[in-house]
Amino acid sequence: MITEIAPADTKVRTVEPPRTPRGRGKRRRAWDEAPRWQIYLPLGIYLLFTLIPFYWILLFAVRPAGSTSLVPWPMTGEHFAKVWTERSFGTYFMNSVWTGVATLILTTVVALIGGYALARFDFRGKRGFMLALLCSQFVPGALLLVPLFQIFAELQMINSLVSVVIAETVFQLPLSMILISGFIKNVPYSLEEAAWVDGCSRLRAFLVVVLPLLRPGLIAVGSFAFVHAWNHFLFALMFLSVQEKQTIPVGLNTLLSADSVDMGALAAGGIIAAVPVVIVFAFIQKWLITGFSSGAVKG
């Protein structure tokens, strides 16, 4: 009950508080404040199914050959030494690093130039060009093998890492250009105009004003290109037949034979292939999430 104090010549009036419909408050609270077990139980199950394969690979990689123990003790590094020296994984690793970094740089630079043109200029056929970029994402990489192989054969680039870099860049450019154009659209055009008024050219205004604001987007696009080039198997298999030029995915394939499989060596090679990618994502995850979320929104 709430009692209102009225002037002396009026009567005291009693106001009933508004009634909440029965059960509505409880339903709202149950919806907003779910029990913790309803959150942690699905996450725990998902984490369990995610970590078991990684534990299994680690188990085969560090336990001695012939052991059947489910606990990696005593641990050994013989499998890592075997694949790194006898199986030439040191060479495969450096080839993958070179290919990934070169693809990252080339894809980012070309996509930045094309994305700026798509974001800041209107030209005839722009919508058709954007539609073609989107439709190219439905084309599997296997369809590009024959024309790319013929082109590289004519240019005498077979068994060259440059051919893999070019193929990976061609495959990554459509999506990278679309993403970077979205990042640039989120940068206010008035910032560039203010730089032009201050005497900057278009190139200098882009380098000084726009480019620093694109750091999350560039990290997202570059990391995506690097990881795809690092893990891609098809182009490296088709364009590189010399062992000294092959990359880690092709090297992992050489550990498989029709008669038997060395599980310890295969697991060690898989860890060598996965660790660099995990380290990269651990350092760039903050910019990666920010970049993809900002590039998905049209400014």
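Residues numbered from 1 in each chain as written. Predicted model: local features only at pLDDT ≥ 70, side-chain atom pairs only at ≥ 80, totals over all residues. Heavy atoms only, no water.

What follows concerns the overall build of the protein chain. Scanning the protein chain from N- to C-terminus turns up 13 helices and two strands. Within the protein chain, the fraction of its 299 residues that count as buried is 32%. Considering only residue pairs separated by 6 or more positions, the protein chain has 70% of its internal contacts joining residues 24 or more positions apart. Carbon and sulfur atoms form 68% of the exposed surface of the protein chain, whose accessible area is close to 19,100 Å². (Helix = DSSP H or I, 4+ residues; strand = E, 2+ residues; numbered from the N terminus. Buried < 20%, exposed > 50% of the residue type's maximum accessible area, 1.4 Å probe, protein only. Contact = heavy atoms within 4.5 Å. Areas by Shrake-Rupley, 256 points an atom, 1.4 Å probe, with all protein chains shown as cover.)

Excluding glycine, most residues fall at negative phi; most peptide bonds, likewise, are trans. For Gln156, which is not a glycine, the phi torsion comes out positive at approximately 55°. You can see Gln156 is positioned in the loop between α6 (145-154) and α7 (161-185). What makes Gln156 exposed here is its relative accessible area of 74%. With a phi close to 65°, Asn159 is a non-glycine residue in the positive phi region. On the secondary structure map, Asn159 appears in the loop between α6 and α7.

This next bit is on the packing of helix α5 (residues 126-136) against α7. Put simply, α5 and α7 touch, their axes get as near as 8 Å, and they point 125° apart. What the angle tells us is that α5 and α7 run oblique. Crossing geometry of α5 relative to α7 is assigned as left-handed. Residue-level inspection shows Phe129, Leu133, Leu134 and Ser136 of α5 in contact with α7, the latter providing Pro174, Met177 and Ile178. Here the contact of α5 with α7 is built from residues that sort into six nonpolar, one polar and no charged. (Axes fitted to C-alpha atoms, helices over the stretch in contact; angles between N-to-C directions. Parallel < 35°, antiparallel > 145°, perpendicular 65-115°, else oblique. Left-handed = near helix turned anticlockwise from the far one by under 90°. Nonpolar A, V, L, I, M, F, W, Y, C, P; charged D, E, K, R; others polar.)

Looking now at a nonpolar patch on the surface. A contiguous nonpolar patch, built from Trp37, Leu41, Ile45, Leu48, Phe49 and Ile52 and spanning about 680 Å² of accessible area, is present on the exposed surface. Looking at where Phe49 falls in the secondary structure, it is placed in helix α2 (residues 36-62). (Patch = residues over 30% accessible without salt bridge, like charges linked within 9 Å, V, L, I, M, F, W, Y side chains within 5 Å. Salt bridge = Lys/Arg side-chain N within 4 Å of Asp/Glu carboxyl O.)

Next up on the list: the environment of Val62. Considering the arrangement of structural elements, one finds Val62 in helix α2. Considering only alpha carbons, one finds Val62 and Pro74, twelve residues apart in sequence, at a separation of 8.3 Å. When neighbours within four sequence positions are excluded, Val62 is seen to be in contact with Pro72, Pro74, Met75, Thr76 and Phe80.

The next thing to look at is the nonpolar core. General note: in soluble globular proteins, nonpolar side chains tend to be found buried as a group. In terms of nonpolar packing, the biggest core is built from 19 residues, with Ala61, Val83, Phe89, Phe93, Trp230, Ile248 and Ile272 touching the most fellow members. Secondary-structure elements contributing two or more residues to this core are α2, α4 (89-120), α10 (215-231) and α13 (263-295). If you tally residues by element for this core, the top one is α13, at seven residues. Look past the residues within four positions of Ile272 in its chain and what remains in contact with it is Phe80, Val83, Trp84, Phe93, Trp230 and Ile248. Core analysis: the next-biggest nonpolar cluster, separate from the first, contains 18 residues, Ala111, Leu133, Leu214 and Val221 among them. (Core = buried A, V, L, I, M, F, W, Y, C linked by side-chain atoms within 4.5 Å.)

Under the definition given, this model contains twelve aromatic pairs. Their ring planes at 70° and their centres at 5.0 Å tell us that Tyr116 and Phe206 sit as a pair that is edge-to-face. In this pair, Tyr116 sits in helix α4 while Phe206 sits in helix α9 (residues 202-213), placing the two residues 90 residues apart along the sequence. With respect to burial, Tyr116 and Phe206 carry one shared label: buried. Judged by centre distance (5.9 Å) and plane angle (10°), the rings of Phe235 and Phe239 are stacked. Of the two residues, Phe235 and Phe239 both sit in helix α11 (residues 234-239), four residues apart, roughly one turn of that helix. Per residue, the accessibility class of Phe235 equals that of Phe239, and both read buried. The structure contains a cluster of three or more aromatic residues connected by ring pairs, namely Phe149, Phe152, Phe171, Phe235 and Phe239. (Phe/Tyr/Trp six-rings, centres within 6.5 Å; stacked < 30°, edge-to-face > 60°.)

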